[in-house]
Amino acid sequence: MAKKYFQIGQLVCEKLAERFGTPLLMLSLDEIKKNYKVLKKYLPRIKVHYAIKANPHPEILRVMADMGSCFDVASDGEIRTLHDLGIEGGRMIYANPVKTGAGLAACRSCHVSKMTFDSASEIDKIKAQCPEATLLLRLRIDNSSAHVDLNKKFGAARENALALMLQAKEAGLDMAGIAFHVGSQTVSSDPYLHALDIARELFEEAAAAGLQLRILDIGGGFPIPEPKVKFNLPEMLQQINARLDEDFADTEIWAEPGRYICGTAVNLVTSVIGVTERGGQPWYFLDEGLYGTFSGVLFDQWDFKLISFREGEKKVAATFAGPSCDSLDIMFRGRMTVPLEVGDLLLVPSCGAYTSASATTFNGFSKAKFVIWERVKAEVEPSAQTVK
Ligand SMILES: *Cc1c(COP(=O)(O)O)cnc(C)c1O
């Protein structure tokens, strides 16, 4: 019964809930390692910079650091978190195109010199506060098909790109390359290939203007399984890799995966704590809600899979709400499910990205606790010990 992605079974789920209580987040560090290796297998040239905003759990950061990964950071807080774990600034890229004074100060004290920008005002700030910086121009890539389109907020327009890069060079900064992000959970290679076309043209235009670029950062956006969404990841990555070899054979290639690294590595176990009926529809209240792990419903527009272990053919359309006293705290409406009862457990697989990272303790509910799967699996899954 080998699953392609980390997913615990019913008995294990019950044992874990009994032992640790719910809501509970099971984190598989082996899955983190596997995801990193898959990306490196299909895109062997990329220098991975894990975008820690997707899930900054210290165990994930440690495992990624041990495998040799670099990191994408966006704030002074993220820089200092990594610094405190002993990760040198040389392994970080400050990939927020609009930086704060505190962020630039953290760069100086933690020796972070790689950063992105997308406007002239940022060049002035960087020149004044981090004159030794190595810069990548963040390019805007129009991609209306992206699940979360970051290009609505960031990126220089194609027509301004060359002038901005030349301006950074004139300012005496190390103008080294181009970065883009096609949008999170992108399920086709097309936006990447489109971005690579534009980047190729800009590399040539820059060279003609006397600026030799040496780094290309293809960002994040690599997808994880999602209900009702189909894609072929190996094929996607092979197409991207072939284009990199064709058009950027002598360029250093970086990437900034977030979701792909951590998304499938976490399973949530949550309990039904209340059942009621309104307008002829059942309502189920869970001990985890929109202010917790399910914050991804709001901030990441994510459609979570809910797995119930209750047997039954007949399904009903139900509403699922969180435990807080706020009426916003409703996750799903019209979700088909077998009828549930108080005390039932629900399993939510692949919920490691943009979930706990944006959870709060609103209304006094603690954040769901994390347990590392590999440290408890021998106890709760006796067969795991004997399988070779
Ligand atoms: C959020 C972000 C990422 C990670 O994106 P994913 O879609 O999670 O892979 C990478 N780079 C930048 C600049 C980001 O803002």
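What you see is a predicted model, and the numbers here were worked out from it, not measured in a lab.

Caption draft 1: The pattern of salt bridges, seen in detail. This model, assessed by the stated rule, comprises 21 salt bridges. As a salt-bridge pair, Glu31 and Lys34 come within 3.3 Å of each other at their nearest N and O atoms. With Glu31 and Lys34 both in helix H2 (residues 29-42) and three residues apart, the pair spans about one turn of that helix. Since its relative accessible area comes to 6%, Glu31 is described here as buried. Classification of Lys34 as partly exposed rests on a relative accessible area of 29%. We note a salt bridge from Arg45 to Asp245, for which the minimum N-O separation is 2.9 Å. Placement of Arg45 in the loop between H2 and strand S2 (46-51) and of Asp245 in helix H9 (residues 233-247) is noted, with a sequence separation of 200 residues between them. Looking at Asp245, the relative accessible area reads 41%, which means it is partly exposed.

Caption draft 2: Geometry of the domain arrangement of the chain. Looking at the assigned domains, one finds that the chain contains domain 1 (69-256) and domain 2 (263-387). Centre-to-centre separation of domain 1 and domain 2, based on C-alpha positions: 35 Å. With nine residues of domain 1 at the interface, the matching set in domain 2 holds 10 residues. Counting the surface lost from both domain 1 and domain 2, the interface buries some 740 Å², and carbon and sulfur atoms represent 62% of this. Summed over the shared surface of domain 1 and domain 2, the number is one salt bridge. Close ionic contact of Asp303 with Lys228 constitutes a salt bridge, the shortest N to O distance being 3.6 Å. For the pair domain 1 and domain 2, the number of links is zero residue pairs in polar contact (both at pLDDT 80 or more). In terms of residue class, the side of domain 1 that touches domain 2 is made up of four nonpolar, three polar and two charged.

Caption draft 3: Region of interest: the sheet that holds S2. Here we have eight strands rolled up into a closed barrel, ordered S2-S3-S4-S5-S6-S7-S8-S9, and parallel in their pairing. Each adjacent strand pair in this sheet contributes to an overall mean axis angle of 30 degrees, direction not counted. Pairing analysis gives five bridges linking strand S6 (residues 134-138) to strand S7 (residues 174-179), with the strands arranged parallel. By the bridge assignment for S7, Thr134 is matched with Asp174.

Caption draft 4: Looking closely at the nonpolar core. Tyr50, Phe180, Leu216, Ile218, Phe222, Phe294 and Phe320 are the most contacted members of the largest nonpolar core, which has 103 residues in total. Per-element tally for this core: the top contributor is helix H8 (residues 190-208), with nine residues. Lining this core are residues from two domains, each supplying at least three of them: domain 1 (69-256) and domain 2 (263-387). Contact partners of Tyr50, with chain neighbours within four places excluded, come to Asn55, Ile60, Leu61, Met64, Ser69, Cys70, Phe71, Asp72, Pro257, Gly258, Ile261 and Cys262. The next biggest cluster of nonpolar side chains, apart from the first, holds 17 residues, and it includes Val12, Ala17, Phe309 and Leu347.

Caption draft 5: Just the packing of H2 against helix H3 (residues 58-66), in detail. Closest axis-to-axis distance for the H2/H3 pair is 10 Å, and the angle between their directions is 45 degrees. In this view, H2 runs oblique relative to H3, as classed from their interaxial angle. Between H2 and H3 lies a crossing whose hand is right-handed. Contacts between H2 and H3 pair Leu29, Ile32, Lys33 and Tyr36 from the former with Glu59, Ile60, Arg62, Val63 and Met64 from the latter. Partitioned by chemical class, the residues of the contact of H2 with H3 number six nonpolar, no polar and three charged.

Caption draft 6: The pairing of strand S15 (residues 345-348), seen in detail. Taking every second residue as pointing to the same face, both faces of S15 are buried, with Leu345 and Leu347 on one and Leu346 and Val348 on the other. The sheet contact formed by strand S10 (residues 266-278) and S15 spans four bridges and is antiparallel. In the strand pairing of S15, Val269 is matched with Leu347. As judged from the two bridges shared by strand S12 (residues 307-308) and S15, these two strands associate in the antiparallel manner. Paired with Ser308 across the two strands is Leu346, which belongs to S15.

Caption draft 7: Geometry of the packing of aromatic side chains. Applying the stated criterion across every chain, the model contains nine aromatic pairs. Ring plane angle 5 degrees and centroid distance 5.3 Å describe the contact between Tyr192 and Phe222, whose orientation is recorded as stacked. Of the two residues, Tyr192 sits in helix H8 while Phe222 sits in the loop between strand S8 (215-217) and H9, which places them 30 residues apart along the sequence. A network of ring pairs unites the aromatic residues Tyr284, Phe294, Phe304, Phe320 and Phe332 as a single cluster. Positioned above the aromatic ring of Phe248 is the side chain of Arg200, whose terminal nitrogen or guanidinium carbon lies 5.2 Å from the ring centre. Directly above the aromatic system of Phe332 lies the positively charged group of Arg335, at a separation of 4.2 Å from the ring centroid.

Definitions and limits used
Residue numbers restart at each chain and count upward from 1, following the sequence in its written direction. In view of the model being predicted, local features appear only for residues whose pLDDT reaches at least 70, and side-chain atom pairs are presented and counted only at 80 or more, with totals across whole chains, interfaces and linings using the full set of residues. Excluding hydrogens and water, the side-chain values take into account all heavy atoms of the structure. What counts as a salt bridge is simple: a side-chain nitrogen of Lys or Arg found within 4 Å of a carboxyl oxygen of Asp or Glu. For helices the rule is a DSSP run of H or I covering at least 4 residues; for strands it is a run of E covering at least 2, with both sets numbered from the N terminus onward. Residue burial is assigned from relative accessible area. The probe radius is 1.4 Å, only protein chains are included, and a residue is buried under 20% of its type maximum, exposed over 50%, and partly exposed in between. Domain borders in the structure are assigned automatically or taken from a domain database. Here a residue-residue contact requires only that any non-hydrogen atoms of the pair lie within 4.5 Å. The term buried area refers to how much accessible surface (probe radius 1.4 Å) is lost by two components on association, counted for both of them together. Residues adjacent in sequence count toward polar contacts only when both atoms are side-chain atoms; beyond that, a polar contact is any pair of N or O atoms within 3.5 Å, and within protein one must be able to donate a hydrogen and the other to accept it. The residue classification treats Ala, Val, Leu, Ile, Met, Phe, Trp, Tyr, Cys and Pro as nonpolar and Asp, Glu, Lys and Arg as charged. All others, Gly included, are polar. Following DSSP output, two strands are said to pair if at least two bridges run between them. All axes are obtained by fitting lines to C-alpha atoms, using only the stretch in contact for helices, and the reported angles, taken between N-to-C directions, cover 0 to 180 degrees. The criterion is simple. A nonpolar core is a set of buried Ala, Val, Leu, Ile, Met, Phe, Trp, Tyr and Cys residues joined through side-chain atoms within 4.5 Å. Here the angle decides the label: under 35 degrees means roughly parallel, over 145 means roughly antiparallel, 65 to 115 means roughly perpendicular, and every other value means oblique. Should the near helix be turned anticlockwise from the far one by less than a right angle, the crossing is left-handed, and should it be turned clockwise, the crossing is right-handed. Pairs were defined over the aromatic rings of Phe, Tyr and Trp, the Trp ring being its six-membered one, requiring ring centres within 6.5 Å. Orientation was assigned from the angle between planes: stacked under 30 degrees, edge-to-face over 60, tilted for the rest. A ring has a charge above it when a Lys NZ or an Arg CZ is no more than 6 Å from the ring centre and no more than 35 degrees off the ring normal.

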